[in-house]
Amino acid sequence: MADTAAPGTAPRAPGAGGPGTEAPGAASDGAVSNGGAVHGTGAAGPVHGGAAQSGPPVVPPAGGVDERALEEVVTFTSELIRIDTTNRGRGDGCERPAAEYVAERLAEAGLEPVLLEKAPGRTNVVARVAGSDRDAEALLVHGHLDVVPAEPADWTVHPFSGEIRDGVVWGRGAVDMKNADAMILALVRSWARTGHRPRRDLVLAFTADEEDSAEYGSGFLADSHPELFEGCTEGVSESGAFTFHADSGMRLYPIAAGERGTAWLELTARGRAGHGSKVNRANAVSRLAAAVGRIGEHTWPLRITPTVRAALTEIAALYGVPPDAPELDLDTPGFDPRPLLERLGRAAALVEATLRNSTNPTMLSAGYKVNVIPGSATAFVDGRMVPGGEEEFRQTLDRLTGPDVDWEFHHREVPLGAPVDSPTFRAMREAVEHFDPGGRAVPYCMSGGTDAKQFSRLGITGYGFSPLKLPEGLDYAALFHGVDERVPAEALRFGVRVLDRFLLRSPGRAEPETGAAAPASSGPAGVPG
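The sections below set out a description of the structure shown in this document. Please read these numbers as outputs of a predicted model, since none were measured by experiment.

## Some details on the overall build of the protein chain
In step 1: Summing up its helical and strand segments, the protein chain has twelve helices and 20 strands in all.
In step 2: Burial statistics for the protein chain: of 529 residues in total, 58% are counted as buried.
In step 3: Partitioning the contacts of the protein chain with sequence separation of at least 6, the portion at a separation of at least 24 is 81%.

The following block contains the structure:
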């Protein structure tokens, strides 16, 4: 378990304890204290700070985070990065030190966090912030604590140093997604100092294992502790509302309102083992290689989902494409998206990967000696499915693998879609454009996936919304799982301000529009997701 800063880097963040153990008799769902700083009540008890107010709904305050929050978000991002929470997959990870750090920061704000583990060290934190309106739907705000591996020799700075250099915080997790975790912490602590209170209950969840299967994180929470998310109808998390620098100085802020489904596949070919010098028409390696080649070369048919349709329509309008242009006739049989993508320039990257299912071979394994033909060979494929595309996916894989190769889902999660005409989406749009009036928020669908998939089992509609205002030249997408991951301090401060405005004003999906609802953007609105 790697839970300390690497040699030669700054020491581990204050308050991040060692691995420790759960309270006796509570190995799966007990509340854990760290030096007496965290006073959780256990999974069966309340996890909110204060009771919701009865009577008529109270109009939320105008908001505005204090100066301390704008500094804390930078400090917390750096300190969380310094806690190495590498997830190597197959159960190899330890989020507990970061979870204890988060729990302490929440407890200092008067909340009552609960720490929950499915396995030792794979720790999740859940707390509830009571809203002012007891009848309003609750909102889940979640972020993961684990990160993917990083090779120090490849980096300009040590990936777990959390170094702040020239106004930029460096390290693994700077954008995926300890930055957003830090924003949430800084914001609720600011509310505790200023007396601000959201209208909706907020359930805060900091999860383990998002970077692998989520078995120890959101999957465990959704399956074993659904009571902690009572009343939640919507959720917000990573990979949305970041600055995307399009053409001619245009700044877009894509807000995720969908995710393709995860379909990681394991392929197995079997044949006749034998000497490498002999003729062998039942060579498992050849059979597997042929199937992998067919899968890798396959062009999947176009499948435009409602969220992608909304993205294409809005982005095209911002690029000046008339609504009656032939390139936007998306329902024409045999529609070719290439002319439209060409007109969208750089912004085509926001939609191109989500127009269809996909399958990318990623791992191969066969044999143990060059002159021995093995009796079996295996491969892994990263597959992704658009909403409504699973049956087509299965049938196509049966055909592409052929009779000599078996396949199965190594890991599968559902695709997601969320409405882009909801009051919540409009509130997110308004909050972003309030703090960057020259920017335009647009819907998009993530090509990958997040913990929103697991929380959807509880009926929670998920959006990607962790705002960052980024300078031109900083490639946000390339930083995910990439070398020299980093985030500007000013981007973090922007994110806290936007989250503050959104979370205090979020109306809930079933609520009528009020004065706090967002004005229409310059792009088309009201397209169902």
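## Considerations on the sheet that holds strand β13 (residues 358-366)
In step 1: Strand order across the open sheet formed by four strands is β13-β15-β11-β16, with antiparallel pairing between neighbours. Taken across any chain shown, the strands that pair with only one partner, and hence form the sheet edges, are β13 and β16 (405-413). In this sheet, adjacent strand axes meet at a mean angle of 20° when their direction is disregarded.
In step 2: In this sheet, strand β15 (residues 376-385) lies alongside β13 in antiparallel orientation, the contact comprising eight bridges. Within β15, the residue paired with Ser-365 across the bridge is Thr-378.

## Remarks on the sheet that holds strand β20 (residues 486-488)
In step 1: Sheet architecture is open: three strands sit in the order β5-β6-β20, paired in antiparallel fashion. Each having just a single partner strand, β5 (164-165) and β20 make up the two edges of the open sheet.
In step 2: When strand β6 (residues 168-170) meets β20, the two strands line up antiparallel, connected through three bridges. In the strand pairing of β20, Val-168 is matched with Pro-488.
In step 3: Helix-sheet contacts for helix α1 (residues 67-81) involve β5, β6 and β20, and the interaxial angle to β6 is about 15°.
In step 4: Contacts from helix α12 (residues 489-505) reach β6 and β20 within the one sheet, and its direction differs from that of β20 by about 70°.

## What about α12?
In step 1: Its 17 residues place the ends of α12 25 Å apart at the C-alpha level, agreeing with the 24 Å of an ideal helix rising 1.5 Å per residue.
In step 2: A large share of α12 lies buried, amounting to 14 of its 17 residues.

## What about helix α6 (residues 306-318)?
In step 1: Helix length check: α6 (13 residues) gives 19 Å between terminal C-alpha atoms against 18 Å at 1.5 Å per residue, within 8%.
In step 2: Listing the buried residues of α6 in full gives Thr-307, Val-308, Ala-310, Ala-311, Leu-312, Glu-314, Ile-315 and Ala-316.
In step 3: Elements that come into contact with the buried residues of α6 comprise β10 (251-259), α7 (338-343), β17 (416-417), α9 (423-435) and β18 (439-446).

Here is what the cut-offs are and how they apply
Residues numbered from 1 in each chain as written. Predicted model: local features only at pLDDT ≥ 70, side-chain atom pairs only at ≥ 80, totals over all residues. Heavy atoms only, no water. Helix = DSSP H or I, 4+ residues; strand = E, 2+ residues; numbered from the N terminus. Buried < 20%, exposed > 50% of the residue type's maximum accessible area, 1.4 Å probe, protein only. Contact = heavy atoms within 4.5 Å. Pairing = 2+ DSSP bridges. Axes fitted to C-alpha atoms, helices over the stretch in contact; angles between N-to-C directions. Expected span 1.5 Å × (residues − 1).

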